[in-house]
Amino acid sequence: NVNKISINLTKKDINLTITTNADIGENNWFLDNKFIASQNILNLKIKPGSYKIRLENEFYETKFLDFYFADKTDKKDYKLNLERLKGIIHITTEPDTVNVIINGKEIGKTPIKHDLLSGNYDLRLVKKGYQELSDKIELKVSKLSYKKKYILAPNKVKVNFNFKPEKGTLFING
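Since this is a predicted model, take the numbers as computed values, not measurements.

> I keep staring at the overall build of the protein and nothing clicks. Help me out?
The number of helices and strands found in the protein is 0 helices and 14 strands. The secondary structure elements of the protein, listed N-terminal to C-terminal, are β-β-β-β-β-β-β-β-β-β-β-β-β-β. Looking at the protein as a whole, 30% of its 174 residues are labelled buried. Partitioning the contacts of the protein with sequence separation of at least 6, the portion at a separation of at least 24 is 54%. With the model as given, the accessible surface of the protein reaches about 12700 Å², and the carbon-plus-sulfur share is 50%. Looking at the protein, you have 31 positive and 21 negative side-chain charges, and the mean spots of the two groups are 2 Å apart.

> What am I meant to see in the sheet that holds strand E5 (residues 49-56) here?
Strand pairing in a sheet relies on backbone hydrogen bonds, with the paired strands running either antiparallel or parallel. Judged by pairing direction, the sheet is antiparallel, and its 4 strands sit side by side in the order E3-E2-E5-E6 without closing on themselves. Looking at strand neighbours, the two that pair on one side only are strand E3 (34-38) and strand E6 (63-69), the edges of this open sheet. Each neighbouring strand pair of the sheet contributes to a mean axis angle of 25°, computed without reference to strand direction. In this sheet, E3 lies alongside strand E2 (residues 28-31) in antiparallel orientation, the contact comprising 4 bridges. Residue pairing in the sheet places Asn-28 in a bridge with Ser-38 of E3.

How each quantity is defined
- Residues numbered from 1 in each chain as written.
- Predicted model: local features only at pLDDT ≥ 70, side-chain atom pairs only at ≥ 80, totals over all residues.
- Heavy atoms only, no water.
- Helix = DSSP H or I, 4+ residues; strand = E, 2+ residues; numbered from the N terminus.
- Buried < 20%, exposed > 50% of the residue type's maximum accessible area, 1.4 Å probe, protein only.
- Contact = heavy atoms within 4.5 Å.
- Areas by Shrake-Rupley, 256 points an atom, 1.4 Å probe, with all protein chains shown as cover.
- Lys, Arg positive; Asp, Glu negative; His and termini not counted.
- Charge placed at Lys NZ, Arg CZ, Asp CG, Glu CD.
- Pairing = 2+ DSSP bridges.
- Axes fitted to C-alpha atoms, helices over the stretch in contact; angles between N-to-C directions.

And the structure:
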């Protein structure tokens, strides 16, 4: 008499680690088009087989990877080099010829068009005789072009008058 014994073998999980060079933004990971994580380093335990991985970050070009893992692999480490998206700023001012400073570095005078990598920037507009203006600029996948006109206010001036004769009359603008 022969007894039958069923044995189900399961394939050993593969430990997959993917790191990136992303220094801003949030990495959103998708496995076979399903969102799986929002973190800088992806650590996964998966069965051997074929997979599609997609990485999205609003400041970088989207990366697509196709993987096939054989049974013999038990650990895989990958590093993805992401490319920052490129953007442009176009700044005009009233008055013209205002110094444009991005993250502490002067890049020119208005009107100006200037290429920048995607990211977050501190903008300062400076002109002698006018009040300085500051603003924040964010260039990302949904908005890689920034165009704005700024109007600078003249500095306030305090004027003291001494009239001679003392009872004199002063007319301003008419």
